[in-house]
Amino acid sequence: GLLITISRCSNNYGPRQFVEKLIPLMIKQALKDKPLPVYGNGQNIRDWIHVTDHCRAIDLIVHSGRPGEVYNIGGNCEIRNIEIVNFILRYLNKSDSLITFVPDRKGHDLLYAVDFSKIEKAVGWRPEISFQRGMEETIQWYVKHW
(Lines give C-alpha, C1' and ligand atoms only; values in the text may rest on other atoms or scores of the structure.)
Protein backbone atom coordinates (compact mmCIF):
# COMPACT_ATOMS: atom_id res chain seq x y z
CA GLY A 1 0.00 0.00 0.00
CA LEU A 2 3.00 2.32 -0.13
CA LEU A 3 3.14 4.97 -2.83
CA ILE A 4 6.56 4.22 -4.29
CA THR A 5 8.40 4.68 -7.54
CA ILE A 6 11.75 3.28 -8.58
CA SER A 7 14.41 5.14 -10.52
CA ARG A 8 17.53 3.80 -12.20
CA CYS A 9 20.12 6.16 -13.55
CA SER A 10 23.28 6.19 -15.60
CA ASN A 11 26.65 7.40 -14.29
CA ASN A 12 26.49 10.64 -12.33
CA TYR A 13 29.17 13.32 -12.28
CA GLY A 14 29.51 16.74 -10.71
CA PRO A 15 31.04 18.56 -7.76
CA ARG A 16 31.64 16.79 -4.43
CA GLN A 17 31.69 13.29 -5.90
CA PHE A 18 33.76 10.74 -3.98
CA VAL A 19 37.32 10.72 -5.29
CA GLU A 20 37.36 7.00 -6.18
CA LYS A 21 35.03 7.64 -9.14
CA LEU A 22 36.46 8.14 -12.64
CA ILE A 23 36.00 11.88 -13.14
CA PRO A 24 37.15 13.19 -9.75
CA LEU A 25 40.01 10.68 -9.65
CA MET A 26 41.28 11.78 -13.06
CA ILE A 27 40.99 15.46 -12.10
CA LYS A 28 42.84 14.91 -8.81
CA GLN A 29 45.62 12.89 -10.43
CA ALA A 30 46.03 15.40 -13.27
CA LEU A 31 46.19 18.34 -10.86
CA LYS A 32 49.04 16.58 -9.05
CA ASP A 33 50.76 15.53 -12.31
CA LYS A 34 50.38 11.89 -11.28
CA PRO A 35 49.53 8.94 -13.56
CA LEU A 36 45.89 8.65 -14.64
CA PRO A 37 44.97 4.94 -14.49
CA VAL A 38 42.63 4.06 -17.36
CA TYR A 39 41.16 0.56 -17.56
CA GLY A 40 42.01 -1.51 -20.65
CA ASN A 41 42.30 0.65 -23.74
CA GLY A 42 39.85 3.29 -22.46
CA GLN A 43 37.14 2.31 -24.96
CA ASN A 44 34.52 1.43 -22.32
CA ILE A 45 31.48 3.64 -22.87
CA ARG A 46 29.31 5.14 -20.16
CA ASP A 47 26.22 7.31 -20.30
CA TRP A 48 26.87 10.37 -18.11
CA ILE A 49 24.36 12.58 -16.35
CA HIS A 50 25.09 15.69 -14.32
CA VAL A 51 23.97 15.30 -10.71
CA THR A 52 21.70 18.36 -11.00
CA ASP A 53 19.79 16.77 -13.90
CA HIS A 54 19.52 13.54 -11.92
CA CYS A 55 18.10 15.34 -8.86
CA ARG A 56 15.62 17.23 -11.04
CA ALA A 57 14.44 13.91 -12.51
CA ILE A 58 13.98 12.37 -9.06
CA ASP A 59 11.96 15.40 -7.96
CA LEU A 60 9.69 15.08 -10.99
CA ILE A 61 9.22 11.36 -10.40
CA VAL A 62 8.33 11.93 -6.74
CA HIS A 63 5.82 14.66 -7.55
CA SER A 64 4.49 13.59 -10.95
CA GLY A 65 5.38 9.93 -11.46
CA ARG A 66 2.86 7.12 -11.16
CA PRO A 67 3.16 4.97 -8.05
CA GLY A 68 4.53 1.51 -8.80
CA GLU A 69 6.35 2.61 -11.96
CA VAL A 70 10.05 2.29 -12.74
CA TYR A 71 11.82 5.18 -14.48
CA ASN A 72 15.23 5.14 -16.12
CA ILE A 73 17.16 8.39 -15.90
CA GLY A 74 19.88 8.88 -18.49
CA GLY A 75 22.06 11.70 -19.67
CA ASN A 76 21.81 11.02 -23.41
CA CYS A 77 25.59 11.32 -23.31
CA GLU A 78 27.44 8.11 -24.16
CA ILE A 79 31.19 8.76 -24.05
CA ARG A 80 34.29 6.56 -24.02
CA ASN A 81 36.33 6.76 -20.82
CA ILE A 82 39.43 7.82 -22.74
CA GLU A 83 37.52 10.78 -24.20
CA ILE A 84 36.64 11.94 -20.68
CA VAL A 85 40.25 11.63 -19.58
CA ASN A 86 41.42 13.57 -22.64
CA PHE A 87 38.80 16.28 -21.99
CA ILE A 88 40.13 16.71 -18.45
CA LEU A 89 43.74 16.84 -19.62
CA ARG A 90 42.97 19.42 -22.33
CA TYR A 91 40.96 21.57 -19.92
CA LEU A 92 43.76 21.51 -17.35
CA ASN A 93 46.44 21.95 -20.04
CA LYS A 94 48.14 18.72 -19.02
CA SER A 95 50.01 16.21 -21.16
CA ASP A 96 48.38 12.98 -22.29
CA SER A 97 51.61 11.30 -21.21
CA LEU A 98 49.96 11.15 -17.76
CA ILE A 99 47.60 8.45 -19.08
CA THR A 100 48.56 4.98 -17.87
CA PHE A 101 46.57 2.05 -19.21
CA VAL A 102 45.98 -0.62 -16.56
CA PRO A 103 44.45 -4.11 -16.87
CA ASP A 104 40.68 -3.99 -17.18
CA ARG A 105 38.51 -5.58 -14.52
CA LYS A 106 37.33 -9.08 -15.37
CA GLY A 107 33.80 -9.02 -16.71
CA HIS A 108 33.83 -5.22 -17.04
CA ASP A 109 30.99 -4.19 -19.36
CA LEU A 110 31.89 -2.29 -22.50
CA LEU A 111 28.74 -0.15 -22.37
CA TYR A 112 26.51 1.19 -19.60
CA ALA A 113 23.53 3.19 -20.86
CA VAL A 114 19.80 3.49 -20.27
CA ASP A 115 16.76 4.31 -22.37
CA PHE A 116 15.05 7.22 -20.63
CA SER A 117 12.20 7.66 -23.12
CA LYS A 118 9.61 6.59 -20.51
CA ILE A 119 10.38 9.45 -18.09
CA GLU A 120 10.54 11.85 -21.02
CA LYS A 121 7.02 10.85 -22.11
CA ALA A 122 5.58 10.46 -18.61
CA VAL A 123 6.71 13.69 -16.94
CA GLY A 124 8.46 15.66 -19.69
CA TRP A 125 11.95 15.29 -18.25
CA ARG A 126 15.11 15.58 -20.35
CA PRO A 127 18.68 16.31 -19.28
CA GLU A 128 19.47 20.02 -19.57
CA ILE A 129 23.15 20.34 -18.68
CA SER A 130 25.45 19.65 -21.60
CA PHE A 131 28.42 17.41 -20.91
CA GLN A 132 30.88 20.16 -21.82
CA ARG A 133 29.27 22.72 -19.50
CA GLY A 134 28.86 20.19 -16.69
CA MET A 135 32.46 19.00 -16.99
CA GLU A 136 33.86 22.54 -17.07
CA GLU A 137 31.90 23.42 -13.91
CA THR A 138 32.94 20.15 -12.26
CA ILE A 139 36.62 20.60 -13.04
CA GLN A 140 36.50 24.21 -11.84
CA TRP A 141 34.95 23.08 -8.56
CA TYR A 142 37.70 20.51 -7.95
CA VAL A 143 40.44 22.99 -8.92
CA LYS A 144 39.04 25.44 -6.35
CA HIS A 145 38.55 22.86 -3.56
CA TRP A 146 41.70 20.74 -3.91
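Further up the page is the structure itself.
These notes cover the structure that comes with them. (Residues numbered from 1 in each chain as written. Predicted model: local features only at pLDDT ≥ 70, side-chain atom pairs only at ≥ 80, totals over all residues. Heavy atoms only, no water.)

**What about the packing of helix α1 (residues 22-31) against helix α3 (residues 81-91)?**
(1) Moving on: Interhelical geometry of α1 versus α3 gives an angle of 40 degrees and a closest axis separation of 10 Å. As the angle between them shows, α1 and α3 are arranged oblique. Crossing geometry of α1 relative to α3 is assigned as right-handed. In this structure, α1 contributes Leu-22, Ile-23, Met-26, Ile-27 and Ala-30 to the contact, and α3 contributes Asn-81, Ile-84, Val-85, Ile-88 and Leu-89.
(2) Moving on: Of the residues that constitute the contact of α1 with α3, the class distribution is nine nonpolar, one polar and no charged. (Axes fitted to C-alpha atoms, helices over the stretch in contact; angles between N-to-C directions. Helix = DSSP H or I, 4+ residues; strand = E, 2+ residues; numbered from the N terminus. Parallel < 35°, antiparallel > 145°, perpendicular 65-115°, else oblique. Left-handed = near helix turned anticlockwise from the far one by under 90°. Contact = heavy atoms within 4.5 Å. Nonpolar A, V, L, I, M, F, W, Y, C, P; charged D, E, K, R; others polar.)

**Describing α3**
(1) Moving on: The complete set of buried residues in α3 reads Asn-81, Ile-82, Ile-84, Val-85, Phe-87, Ile-88 and Leu-89.
(2) Moving on: Within two residues after α3, Asn-93 carries a phi angle of roughly 55 degrees, on the positive side. (Buried < 20%, exposed > 50% of the residue type's maximum accessible area, 1.4 Å probe, protein only.)

**Notes on helix α2 (residues 51-64)**
(1) Moving on: Relative to the 20 Å expected for 14 residues at 1.5 Å per residue, α2 spans 20 Å between its end C-alpha atoms, a close match to the ideal helical length.
(2) Moving on: Buried within α2 we find Asp-53, His-54, Ala-57 and Ile-61. Seen end-on, α2 carries its buried residues on one side only, within an arc spanning 100 degrees. Structural note: α2 exposes Val-62 and His-63 on the side pointing more than 90 degrees away from its buried face.
(3) Moving on: Against β1 (6-9), β2 (11-13), β4 (45-50), β5 (70-73) and α4 (117-123) lie the buried residues of α2. (Expected span 1.5 Å × (residues − 1). Arc of directions from axis to C-beta.)

**Observations regarding the packing of aromatic side chains**
(1) Moving on: Under the criterion given, the structure shown has six aromatic pairs.
(2) Moving on: Where Phe-116 meets Trp-125, the ring centres are 5.6 Å apart and the plane angle is 80 degrees; that geometry is what we call edge-to-face. The two residues Phe-116 and Trp-125 agree in class, both being buried.
(3) Moving on: A centroid spacing of 4.9 Å and a plane angle of 90 degrees characterise the contact between Trp-141 and Tyr-142, whose relative ring orientation is edge-to-face.
(4) Moving on: Judged by its relative accessible area of 1%, Tyr-142 is buried.
(5) Moving on: Every member of this aromatic cluster is reached through a ring pair, and the members are Tyr-13, Trp-48, Phe-87 and Phe-131.
(6) Moving on: Here the basic side chain of Arg-46 rests over the ring of Tyr-112, its NZ or CZ set 3.6 Å away from the ring centre.
(7) Moving on: Across the ring face of Tyr-71, the terminal group of Lys-118 is positioned such that the distance to the ring centre comes to 5.3 Å. (Phe/Tyr/Trp six-rings, centres within 6.5 Å; stacked < 30°, edge-to-face > 60°. Lys NZ or Arg CZ within 6 Å of the ring centre and 35° of its normal.)

**Notes on the pattern of salt bridges**
(1) Moving on: Across all of its chains, the model carries nine salt bridges by this definition.
(2) Moving on: A salt bridge links Glu-128 to Arg-56; its shortest N-O distance comes to 3.7 Å. Residue Glu-128 is located in the loop between α4 and α5 (131-145), and its partner Arg-56 is located in helix α2; the two are separated by 72 residues in the primary sequence.
(3) Moving on: Among the residues examined, Glu-128 registers a relative accessible area of 58% and is labelled exposed.
(4) Moving on: The partner of Arg-126 in a salt bridge is Glu-120, and the shortest N-O contact between them spans 2.5 Å.
(5) Moving on: Residue classification places Arg-126 among the partly exposed positions, given a relative accessible area of 37%.
(6) Moving on: Salt bridges sharing partners connect three or more residues here, namely Asp-53, Arg-56 and Glu-128. (Salt bridge = Lys/Arg side-chain N within 4 Å of Asp/Glu carboxyl O.)

**Notes on the environment of Gly-42**
(1) Moving on: Positionally, Gly-42 belongs in the loop between β3 (36-39) and β4.
(2) Moving on: The sequence separation of Gly-42 and Glu-83 amounts to 41 residues, and the corresponding C-alpha distance is 8.0 Å.
(3) Moving on: Excluding residues that lie within four positions of it along the chain, Gly-42 makes contacts with Arg-80, Asn-81, Ile-82 and Phe-101.

From the geometry alone we can't say anything about function, so treat these as descriptive.
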